[in-house]
Amino acid sequence: MRYALSTLAVLMLTACAAGESFEAPVYETVGAITTTRTDLISPRTKIEKLGGEYGWSEGPVWVEKLGAVLFTDVPGNTIHKFKDGEGLSVWMKPSGAVPPLPDYTSSPGANGLIMFDADHIIVPDHGSRTLWKQNIETLERTVLADNFEGKRLNSPNDAALHSSGLIFFTDPPYGLKGQDENPAKELDFNGVFALAPDGAMTLIDDTIVRPNGVILSPDERTLYVANSDPATANWIAYDVSPTGEVSNRRVIAEAFQDLKAGLRGNPDGMAMAADGTIFATGPGGVLMLSPTGEKLGLISTGTAIANVTFGGEDGRDLYMTSHTFLARTRTEVKGHGF
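Reading guide: rules and limits
- Residues numbered from 1 in each chain as written.
- Predicted model: local features only at pLDDT ≥ 70, side-chain atom pairs only at ≥ 80, totals over all residues.
- Heavy atoms only, no water.
- Helix = DSSP H or I, 4+ residues; strand = E, 2+ residues; numbered from the N terminus.
- Rg over C-alpha atoms; globule rule 2.2 N^0.38 Å.
- Buried < 20%, exposed > 50% of the residue type's maximum accessible area, 1.4 Å probe, protein only.
- Contact = heavy atoms within 4.5 Å.
- Areas by Shrake-Rupley, 256 points an atom, 1.4 Å probe, with all protein chains shown as cover.
- Lys, Arg positive; Asp, Glu negative; His and termini not counted.
- Charge placed at Lys NZ, Arg CZ, Asp CG, Glu CD.
- Core = buried A, V, L, I, M, F, W, Y, C linked by side-chain atoms within 4.5 Å.
- Pairing = 2+ DSSP bridges.
- Axes fitted to C-alpha atoms, helices over the stretch in contact; angles between N-to-C directions.

For the rest of this paragraph, the subject is the overall build of the protein chain. Looking only at helices and strands, one finds two helices and 28 strands in the protein chain. On C-alpha atoms alone, the protein chain measures out to a radius of gyration of 19 Å, which is about the 20 Å that the 2.2 N^0.38 rule sets for 338 residues. Once the C-alpha set of the protein chain is aligned to its principal axes, its extents read approximately 60 × 50 × 40 Å. Put simply, the protein chain has 338 residues, and 56% of those count as buried. In the protein chain, of all internal contacts separated by at least 6 residues, the share reaching a separation of at least 24 is 48%. Here the protein chain has roughly 14200 Å² of accessible surface; of this, 51% comes from carbon and sulfur atoms. Here the protein chain carries 27 positive and 42 negative side-chain charges, and the mean point of each set is 3 Å from the other.

Residues Ile47, Phe279, Val286, Met288, Ile299, Leu318 and Met320 are the most contacted members of the largest nonpolar core, which totals 20 residues. Looking at this core, the elements with two or more residues in it are strand 24 (285-289), strand 25 (295-300), strand 26 (307-311), strand 27 (317-322) and strand 28 (325-330). Ile215, Ala233, Met270 and Leu289 belong to the second-largest nonpolar core, a separate cluster that totals 17 residues.

Taken together, the four strands give an open sheet; going across it, the order is 8-9-10-11, and neighbouring strands pair in antiparallel fashion. Looking at which strands have only one partner, the edges of the open sheet turn out to be strand 8 (114-117) and strand 11 (141-145). Strand-to-strand twist of the sheet, defined as the mean angle between neighbouring strand axes without regard to direction, takes the value 35 degrees. For strand 10 (residues 130-135) and strand 11, the ladder comprises four bridges, and the chain directions are antiparallel. Within strand 11, the position partnered with Gln134 by the bridge is Arg141.

This part is about the side chain of His120. In this structure, His120 sits in strand 9 (residues 120-125). Residues within four places of His120 in sequence aside, it is in contact with Met115, Lys133, Gln134, Asn135 and Ile136.

In structure tokens:
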């Protein structure tokens, strides 16, 4: 597999092969940062455009075993990889539905990726309407869920793993042509689910118009879900018991006024900092939210940002799938789990 490196990076690698010292590529910088909390990120921090040309980049996850970020291009039906010193490459294609593509799908690829354990990722797959567990080395996949009470899922979108083994995941209709109006849609709602290790599935919420990003607080006492419906765009929180039962639904922040004002990007994927700050994609870029929904700042690449993850050796690099490209900036806090 040949890496899609910038011309500058290729020249540097050539020089290195010729015996000259290697220098890291210098990336174009984009966007801006505003914040009321410099302990989270400095407004002077640069945002690097790492490259790419994607239909809709999504679902980044830092994979320690690879020392790299994996992320998806949903319409492109591909999982890509970025690694310092190597650049961008195709990691898996197809990532979702296998050609010939089914008539029902408009977005055939995988979406939000998360880690399951050191050797596996969880793959919500729009194209095959399935939640998978995938081995990082062999690429072998195991079906975790593809139906609820005998009816096919819509198009699994994002997931969060609880220490009990429960997997919370969202199931909007974004992978279906015409979405709710597609005759292949078997569920009459768009749901938030909890999947137990034994395969039992519980419906958490069937009232969110477009359930999208989902994440847990560091202490696992709060579940957050992003609603990407433009008319009601908001972030919803739930209490979670030690065994994973969910209660006390409430809206903690809203974004529909920002969308009406012309800012690009619906509430979508999220990343959790170790201190409980939520890095939530939404209108304008990546919003930094307190655990109760107070808006603390904005990281903007100048494009709609679909998803975000912490990574790097110390967990302070923030990777952002910014519509057609991958971007990165540096934070003052570590991601949860680092």
